[in-house]
Amino acid sequence: MRFTLGKDTKLKSKKAIEQLFKDGKSIRKGPVRCVFQLVDGDGSHKIGVSVSKRFFKKAPDRNRIKRLLREAYRLNQHDLITPKGKSIEMMFLFQSPKMPEFETVQQLIKKLIIELNKQHQQLED
């Protein structure tokens, strides 16, 4: 089991991100919101992270939170279950003016992954 987060897992396409926010579903745990959608294809999951300038004016603060979100996802990505022939595109958004601790972010990401797994099981049924 490899705990890597390579180039192929980054959600970079502007078109894909627009489609995600237009058609995707959203779940929220505390200050972390996850917008996601299932797409056809056996590729890896694609993720993006975002922190609003409204909450954190300074770029180093926004970058730190984005690093925390990516690291928490990287360590817990193997818990994510997907239906066969599908992959997930998701965007994590941090929406709070308080600087989080890594343990807090990791717990929130774990809860979001559990909720995502429940959502996928409902879609299969």
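The notes below deal with the structure included here. Everything numeric here is computed off the predicted structure, so don't read it as measured data.

What to know about the pairing of strand β1 (residues 25-29)
Sheet topology note: the β1/strand β2 (residues 32-40) ladder contains 5 bridges and is antiparallel. Its bridge partner lying in β2, lysine 29 is registered against valine 32. Connecting β1 to the next strand, β2, in antiparallel fashion are 2 residues, including glycine 30 with a positive phi near 60 degrees.

Re the pattern of salt bridges
When the charged atoms of two side chains lie near each other, side chains of opposite charge can form a pair. According to the stated counting rule, one finds 3 salt bridges in the structure shown. We note a salt bridge from arginine 74 to glutamate 71, for which the minimum N-O separation is 2.8 Å. Here the residue arginine 74 and the residue glutamate 71 both occupy positions in helix α2 (residues 59-76), the gap between them amounting to 3 residues, near one helical turn.

Quick look at α2
Given a rise of 1.5 Å per residue, 18 residues ought to cover 26 Å, and the 26 Å separating the end C-alpha atoms of α2 matches this to within 8%. Of the positions making up α2, those classed as buried are Arg62, Ile65, Leu68, Leu69, Ala72, Tyr73 and Asn76. Looking straight down α2, one finds its buried side chains confined to an arc of 125 degrees; they lie on one side.

Details of the sheet that holds β1
Spatially, 4 strands are ordered β1-β2-β4-β3 in an open sheet, and the strand pairing comes out mixed. Looking at which strands have only one partner, the edges of the open sheet turn out to be β1 and β3 (46-51). The sheet shows a mean angle of 20 degrees between the axes of neighbouring strands, direction not considered. As defined by bridge partners, β3 adjoins strand β4 (residues 86-94) across 6 bridges and the pair is classed as parallel. The partner of valine 49 across the bridge, within β4, is phenylalanine 92. Running at roughly 85 degrees to β4, helix α1 (residues 14-23) makes contact with β1, β2 and β4 of the sheet.

Quick look at the layout of surface pockets
Empty space among the atoms becomes visible once a probe the size of a water molecule is rolled across them. Roughly 190 Å³ of volume is contained in the largest pocket. Tallied by class, the residues present in the lining of the largest pocket amount to 3 nonpolar, 8 polar and 1 charged.

Focus on the packing of aromatic side chains
Evaluated as defined, the whole model comprises 2 aromatic pairs. Taken together, a centroid distance of 6.4 Å and an interplanar angle of 40 degrees make the contact between phenylalanine 56 and phenylalanine 94 tilted. With phenylalanine 56 in the loop between β3 and α2 and phenylalanine 94 in strand β4, this pair connects stretches of sequence that are 38 residues apart. Accessibility expressed as a relative area gives 6% for phenylalanine 56, which makes it buried.

The rules behind the values
Residues numbered from 1 in each chain as written. Predicted model: local features only at pLDDT ≥ 70, side-chain atom pairs only at ≥ 80, totals over all residues. Heavy atoms only, no water. Pairing = 2+ DSSP bridges. Helix = DSSP H or I, 4+ residues; strand = E, 2+ residues; numbered from the N terminus. Salt bridge = Lys/Arg side-chain N within 4 Å of Asp/Glu carboxyl O. Expected span 1.5 Å × (residues − 1). Buried < 20%, exposed > 50% of the residue type's maximum accessible area, 1.4 Å probe, protein only. Arc of directions from axis to C-beta. Axes fitted to C-alpha atoms, helices over the stretch in contact; angles between N-to-C directions. Contact = heavy atoms within 4.5 Å. 1 Å grid on protein atoms, 1.4 Å probe; cavity = no way out; pocket = protein on both sides within 12 Å on 5 of 7 lines; lining within 4 Å. Points joined across faces, edges and corners; volume = space filled by probe spheres on them. Nonpolar A, V, L, I, M, F, W, Y, C, P; charged D, E, K, R; others polar. Phe/Tyr/Trp six-rings, centres within 6.5 Å; stacked < 30°, edge-to-face > 60°.

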